[in-house]
Amino acid sequence: AQSVTQLGSHVSVSEGALVLLRCNYSSSVPPYLFWYVQYPNQGLQLLLKYTTGATLVKGINGFEAEFKKSETSFHLTKPSAHMSDAAEYFCAGGDPGGRLIFGQGTELSVKP
Amino acid sequence: GAGVSQSPSNKVTEKGKDVELRCDPISGHTALYWYRQSLGQGLEFLIYFQGNSAPDKSGLPSDRFSAERTGGSVSTLTIQRTQQEDSAVYLCASTLGGQGASNYGYTFGSGTRLTVV
């Protein structure tokens, strides 16, 4: 079955520290991968999307994700966390029918 | 419009009542999706429209849920005889085509928060 798994429902980092949010996908998911961010009481905003052939994908707000086919992973990183990065982050994969399959989400907290 | 618009933003309804949730997609987007976001369930796919037809309605949880789209634009999600477990945020998204998730990703609206009391 197609699935996307995010490791850790909650991640807490200090301001200025590295952000690492983990995402693994099942090999049956086509390599259409995305990260979305959701701020409180808002919809989902696209952070970045995987482009075939790329290994490192750059997104908005300084985020990037590394695609590792051998590990079926698409982890999201940011070198230095800002307070404004506090939000919920969703990894998603696109199935052949065009639907997005979402991970369970990871809530990122940033401590001063 | 410039973005995906959903209304109402918040809805409180009594158990057993019917509710209608509206989604106005980005102009020109032919594909429209409804998702439900509830605590402990993450984001669940409900239904997908390509134009006015719904090739995939496999995510609708029961026959109390229905949706339609007219003019290839506005969509309405209707929940009949609401139950407390229907309480959730209902998100709508649109994209340029049926393979939108593959090629473009989606643009999401801000959602309708439904509370059934």
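Keep in mind that what you see is a predicted model, and the values were worked out from it rather than measured. (Residues numbered from 1 in each chain as written. Chains lettered and ligands numbered in written order. Predicted model: local features only at pLDDT ≥ 70, side-chain atom pairs only at ≥ 80, totals over all residues. Heavy atoms only, no water.)

A. How the structure looks around the overall build of chain A. Scanning chain A for helices and strands turns up zero helices and eleven strands. Secondary structure elements of chain A, listed N to C terminal, follow the sequence β-β-β-β-β-β-β-β-β-β-β. Its C-alpha radius of gyration of 13 Å places chain A within 12% of the 13 Å reference for a compact globule of 112 residues. Projected onto its principal axes, the C-alpha coordinates of chain A cover approximately 40 × 30 × 20 Å. Within chain A, the proportion of its 112 residues that are buried is 46%. Taking all contacts inside chain A whose residues are at least 6 apart in sequence as the whole, residues at least 24 apart take part in 56%. (Helix = DSSP H or I, 4+ residues; strand = E, 2+ residues; numbered from the N terminus. Rg over C-alpha atoms; globule rule 2.2 N^0.38 Å. Buried < 20%, exposed > 50% of the residue type's maximum accessible area, 1.4 Å probe, protein only. Contact = heavy atoms within 4.5 Å.)

B. Local environment of the packing of aromatic side chains. Tallying each qualifying case throughout the model produces 16 aromatic pairs over all chains. Ring centres of Phe102(A) and Tyr35(B) lie 5.4 Å apart, and the angle between their planes is 90°; this geometry places the pair in the edge-to-face category. Note that Phe102(A) is positioned in strand β10 (residues 100-102) and Tyr35(B) in strand β4 (residues 31-38), a pairing that runs across two chains. Among the residues examined, Phe102(A) registers a relative accessible area of 8% and is labelled buried. Ring-pair connections join several aromatic residues into one group, and the members of that group are Phe34(A), Tyr36(A), Phe90(A), Phe102(A), Tyr33(B), Tyr35(B), Phe45(B), Tyr48(B), Tyr106(B) and Phe108(B). Note that Arg99(A) overlies the ring of Phe45(B), its terminal NZ or CZ placed 4.6 Å from the centroid. (Phe/Tyr/Trp six-rings, centres within 6.5 Å; stacked < 30°, edge-to-face > 60°. Lys NZ or Arg CZ within 6 Å of the ring centre and 35° of its normal.)

Structural measurements only, silent on function.
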